[in-house]
Amino acid sequence: MRLWHERIIPKLPRQQLLGQHRECCALRGKGWGKPHSTVNYVFDYSPYKLFQYHWLIMEEMKHRGYKPDESWESPLYRGKSIEAYTFLSEVELETPIYPEHNEDYLKECLDNLAQKDVYL
């Protein structure tokens, strides 16, 4: 499980973009707080930041003609199998959303994609 560097979201191939949507849904739902080495940093921040990141993914999906479930457009929504948040403080949008998404992380993501024969 990995959150791709936000600068490459518009360039992600279909498989990686749709996979990223599934991963965001899982993390926002029952996966919140469950350790996974490549995404543990998201748990250091408000779940609202993950919503902001997921929003970028969904906007790119819509741009390409996909129709993600509109329920995910609410920062409180966590999926069908877990109760929604009753309140979540809004967090100011920063660029990058996660400070961990720096130049080194961008290179790591590009190297990971290259191992899959995906070159951006």
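From a predicted model like this one, the values you see are computed outputs, not experimental measurements.

*Asks:* Teacher, can you tell me more about the nonpolar core here?
*Replies:* General note: in soluble globular proteins, nonpolar side chains tend to be found buried as a group. Grouped together as the largest cluster of nonpolar side chains are 23 residues, with contacts concentrated most on Leu3, Trp4, Ile8, Tyr53, Ile57 and Tyr98. Secondary structure elements with two or more residues in this core: helix 1 (14-28), helix 2 (47-63) and helix 3 (103-115).

*Asks:* Sorry, what's going on with the environment of Met1 here?
*Replies:* Position of Met1 relative to the elements: it lies in the segment before helix 1. The exposure class of Met1 is partly exposed, given its relative accessible area of 36%. The spatial distance from the C-alpha of Met1 to the C-alpha of Val39 is 6.9 Å, given a sequence separation of 38 residues. Here Met1 is in contact with Glu23, Leu27, His36, Thr38 and Val39, once residues within four sequence places are set aside.

*Asks:* Looking at this structure, how should I read the pattern of salt bridges?
*Replies:* Opposite charge on two side chains permits pairing when their charged atoms draw close. The final tally for this structure, using the stated rule, is seven salt bridges. Between Arg2 and Glu108 there is a salt bridge whose closest N-O contact spans 3.4 Å. With Arg2 in the segment before helix 1 and Glu108 in helix 3, this pair connects stretches of sequence that are 106 residues apart. By relative accessible area, which is 12% here, Arg2 ends up buried. One salt bridge connects Lys107 with Asp111, and the closest N-O pair in it is separated by 2.8 Å. Placement of both Lys107 and Asp111 in helix 3 is noted, with a separation of four residues, approximately one turn of the helix. Classification of Lys107 by relative accessible area gives exposed; the value is 53%.

*Asks:* Sorry if this is basic, but what is going on with helix 2 here?
*Replies:* The α-helix advances 3.6 residues per turn, and as a result positions three or four apart in sequence lie on the same side. With 17 residues, helix 2 should cover 24 Å at 1.5 Å per step; its first-to-last C-alpha distance of 24 Å lies within 8% of that length. The element helix 2 is extensively covered by neighbouring structure, given that twelve of its 17 residues are classed as buried. Looking at helix 2, one finds that the buried residues are Pro47, Tyr48, Lys49, Leu50, Phe51, Gln52, Tyr53, His54, Ile57, Met58, Glu60 and Met61.

What counts, and where the lines are drawn
- Residues numbered from 1 in each chain as written.
- Predicted model: local features only at pLDDT ≥ 70, side-chain atom pairs only at ≥ 80, totals over all residues.
- Heavy atoms only, no water.
- Core = buried A, V, L, I, M, F, W, Y, C linked by side-chain atoms within 4.5 Å.
- Buried < 20%, exposed > 50% of the residue type's maximum accessible area, 1.4 Å probe, protein only.
- Helix = DSSP H or I, 4+ residues; strand = E, 2+ residues; numbered from the N terminus.
- Contact = heavy atoms within 4.5 Å.
- Salt bridge = Lys/Arg side-chain N within 4 Å of Asp/Glu carboxyl O.
- Expected span 1.5 Å × (residues − 1).

Fair warning: the whole summary comes from geometry, so function is off the table for now.
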